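Spelled out from the first residue to the last, the chains are:
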Amino acid sequence: MISKNRIIENAIELFRQKGCKSITMDDISVQNGISKRTLYELFKDKSSLLEECLVYHSEKKREIAFKLKEESSNILEYILSFQDYESRESDRTSYLFTEEIKRFYPKVYENTIVRVKQEQLAYTQSLIEEGIREGLFDEGVGLVHVKAQILTLLVGLNSYAISEHIKKDSDRLEIFLSSVVVFLKGLSTPKGREIINDYLKKKNIISNN
């Protein structure tokens, strides 16, 4: 029989692609090849399933973040790789997903998304502080908590929730380069900017010439 985690993974994909309002428990049971009765034995209702999906997704993202940090040579390289990952994730998620959770499932939104956003903001602030200690960010450029807020917002520019004309005129990579990368360069010391350029060359994002 299909595992509970596999049901959650399949449900997440449905919610991310089409939003959560239009997807029914019938859709999820069909997608997983199980009866609706079996589904309700595992999840009390759609709200419970949705909340478990968000918690599961958050835990998986934390695992990916830990792996990326282990693979990075320094904190700035890690920030770039994780923010690039975040922007890719946002790009493949319908804007309806978060909007509909906030509108139709406010308790789930408060219990999960609001908490995760607060955790992400605190974590981003700790990364900037670590970058300052490593001599990669200029300590005198703005307040750390404000820089963390701006960086978190800039990553969101890559989602489908941004204005339609930006999405038509620019692809995800161009938005990432024009927002997150430009902002990080502005915060960085000469050593930090050199690391950013090396990272972009290594990823074949800019020319080695």
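The shown structure was predicted, so the numbers you read here are calculated from the model rather than taken from an experiment. (Residues numbered from 1 in each chain as written. Predicted model: local features only at pLDDT ≥ 70, side-chain atom pairs only at ≥ 80, totals over all residues. Heavy atoms only, no water.)

### Topic: helix H1 (residues 4–18)
Working step 1: A rise of 1.5 Å per residue sets the reference length of H1, with its 15 residues, at 21 Å; its end C-alpha atoms lie 21 Å apart and thus fit the reference within 8%.
Working step 2: Buried residues of H1: Ile-7, Ile-8, Asn-10, Ala-11, Ile-12, Leu-14, Phe-15 and Arg-16, and no others.
Working step 3: Structurally, H1 contributes buried residues whose contacts are with helix H2 (25–32), helix H3 (36–42), helix H4 (46–71), helix H5 (75–91) and helix H6 (95–104).
Working step 4: Gly-19 occupies a position one or two residues after H1 and carries a positive phi of about 85 degrees. (Helix = DSSP H or I, 4+ residues; strand = E, 2+ residues; numbered from the N terminus. Expected span 1.5 Å × (residues − 1). Buried < 20%, exposed > 50% of the residue type's maximum accessible area, 1.4 Å probe, protein only. Contact = heavy atoms within 4.5 Å.)

### Remarks on the confidence of the model for the protein chain
Working step 1: Confidence in the prediction of the protein chain, expressed as mean pLDDT, is 86, and 90% of residues score 70 or more.
Working step 2: Averaged over each element, pLDDT in the protein chain is lowest for helix H9 (residues 164–169) (47) and highest for H2 (96).
Working step 3: The model gives residues 160–165 a pLDDT under 50, and that stretch makes 12 contacts with residues more than four places away or in other chains. (pLDDT = per-residue confidence, 0-100.)

### Considerations on the nonpolar core
Working step 1: One finds Leu-76, Tyr-78, Ile-79, Phe-137, Val-181, Leu-184 and Ile-196 to be the most contacted residues of the largest nonpolar core, which totals 28 residues.
Working step 2: Within the residue set of this core, elements represented by two or more residues are H4, H5, helix H7 (106–133), helix H8 (144–155), helix H10 (172–187) and helix H11 (190–202).
Working step 3: Those residues within four positions of Leu-76 in sequence are excluded, and the remaining contacts are Leu-136, Phe-137, Leu-184, Ser-188, Gly-192, Ile-195 and Ile-196. (Core = buried A, V, L, I, M, F, W, Y, C linked by side-chain atoms within 4.5 Å.)

### Remarks on the pattern of salt bridges
Working step 1: One pass over the structure, following the stated rule, counts 11 salt bridges.
Working step 2: Taking the shortest distance from any N to any O, the salt bridge between Glu-52 and Lys-4 comes out at 3.3 Å. Note that Glu-52 is positioned in helix H4 and Lys-4 in helix H1, a separation of 48 residues in sequence.
Working step 3: Accessibility expressed as a relative area gives 30% for Glu-52, which makes it partly exposed.
Working step 4: Across the pair Lys-61 and Glu-86 runs a salt bridge, and its minimum N-O distance is 3.1 Å. Of this pair, Lys-61 sits in helix H4 while Glu-86 sits in helix H5, and the two are 25 residues apart along the sequence. (Salt bridge = Lys/Arg side-chain N within 4 Å of Asp/Glu carboxyl O.)

### Considerations on the packing of H5 against H11
Two numbers describe a pair of packed helices, the interaxial angle and the distance between the axes.
Working step 1: Following both chains from N to C, one finds H5 and H11 inclined at 45 degrees, their axes separated by 9 Å at the closest point. Between H5 and H11, the angle falls in the class oblique. In this structure, the crossing between H5 and H11 has a hand that is right-handed. On H11, the residues that touch Leu-76, Glu-77, Leu-80, Ser-81 and Asp-84 of H5 are Gly-192, Ile-195, Ile-196, Tyr-199 and Lys-202.
Working step 2: For the contact of H5 with H11, the residue count by class is five nonpolar, two polar and three charged. (Axes fitted to C-alpha atoms, helices over the stretch in contact; angles between N-to-C directions. Parallel < 35°, antiparallel > 145°, perpendicular 65-115°, else oblique. Left-handed = near helix turned anticlockwise from the far one by under 90°. Nonpolar A, V, L, I, M, F, W, Y, C, P; charged D, E, K, R; others polar.)

### Here we look at the packing of H4 against H7
Working step 1: Contact geometry of H4 with H7 gives a least axis separation of 9 Å together with a crossing angle of 15 degrees. Between H4 and H7, the angle is such that the two are roughly parallel. Considering only the axes of H4 and H7, their crossing is right-handed. For the pair H4 and H7, the contacting residues are Ser-47, Leu-50, Glu-51, Leu-54, Val-55, Ser-58, Lys-61, Arg-62 and Lys-69 in the first and Val-108, Asn-111, Thr-112, Ile-113, Arg-115, Val-116, Glu-119, Gln-120, Tyr-123, Leu-127 and Glu-130 in the second.
Working step 2: A per-class count over the contact of H4 with H7 returns eight nonpolar, five polar and seven charged.

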